[in-house]
Amino acid sequence: MPADEVHSSDTIEAGWLVVRGRWYEQVQRSPRGYKRQEESRLVLVNTLIRLPGVHFNGGAPGKYPREAKSGLHILHEDMYNLLNESK
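Keep in mind that this is a model prediction, so the values were computed, not measured. (Residues numbered from 1 in each chain as written. Predicted model: local features only at pLDDT ≥ 70, side-chain atom pairs only at ≥ 80, totals over all residues. Heavy atoms only, no water.)

Draft legend 1. Geometry of the overall build of the protein chain. Scanning the protein chain from N- to C-terminus turns up 1 helix and 5 strands. Going from the N terminus to the C terminus, the protein chain shows its helices and strands as β-β-β-β-β-α. Per-residue burial over the protein chain gives 18% buried out of 87 residues. For the protein chain, the proportion of contacts with a sequence separation of at least 24, taken over those separated by at least 6, is 43%. Looking at the protein chain as shown, the accessible area adds up to about 6,600 Å², and 52% of this sits on carbon and sulfur atoms. (Helix = DSSP H or I, 4+ residues; strand = E, 2+ residues; numbered from the N terminus. Buried < 20%, exposed > 50% of the residue type's maximum accessible area, 1.4 Å probe, protein only. Contact = heavy atoms within 4.5 Å. Areas by Shrake-Rupley, 256 points an atom, 1.4 Å probe, with all protein chains shown as cover.)

Shown next, in the form of structure tokens:
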């Protein structure tokens, strides 16, 4: 960040590393279905989850996940459990 900035009520100081990111909202419980939100936000790099091999069904690490016919991105139960164990 080249200069101090306030974004979504967060103060981001000059020199901090940030990335633009989009969020997924869970809209279905079984199977776990998520819809990608269109709004992008600035995220501090040190708050990112860095786990190898996390991806939605039908996707692959490093590639954008495909949507199911319902328009949702499905997260397999074992991926969900892996994310919960990382807290």
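Draft legend 2. Inspection of the sheet that holds strand S3 (residues 18-28) at higher detail. The strand order across the open sheet built from 3 strands is S3-S4-S5, with neighbouring strands paired in antiparallel fashion. Both outer strands of the open sheet, S3 and strand S5 (73-75), are each paired with one neighbouring strand and no more. In this sheet, neighbouring strand axes are inclined to one another by 55° on average, regardless of whether the strands run parallel or antiparallel. Relative to S5, strand S4 (residues 32-44) runs antiparallel, the two sharing 3 bridges. For Tyr34, the partnering residue across the bridge sits in S5 and is His73. (Pairing = 2+ DSSP bridges. Axes fitted to C-alpha atoms, helices over the stretch in contact; angles between N-to-C directions.)

Draft legend 3. Seen up close, the pairing of S3. As paired strands, S3 and S4 are joined by 9 bridges and run antiparallel to one another. Within S4, the position partnered with Val19 by the bridge is Val43. Joining the antiparallel neighbours S3 and S4 is a turn of 3 residues.

Draft legend 4. Quick peek at the pattern of salt bridges. Evaluation of the coordinates by the stated rule reveals 2 salt bridges. Arg32 is paired through a salt bridge with Glu77; the nearest N and O atoms lie 3.4 Å apart. Taken as a pair, Arg32 in strand S4 and Glu77 in helix H1 (residues 77-85) lie far apart in primary sequence, 45 residues in all. Residue class for Arg32 comes out buried when judged on its relative accessible area of 12%. Ionic pairing is found between Glu39 and Arg41, a salt bridge with its closest N-O pair at 3.7 Å. Residue classification places Arg41 among the partly exposed residues on the basis of a relative accessible area of 32%. (Salt bridge = Lys/Arg side-chain N within 4 Å of Asp/Glu carboxyl O.)

Don't take any of this as a statement about function, it's just geometry.
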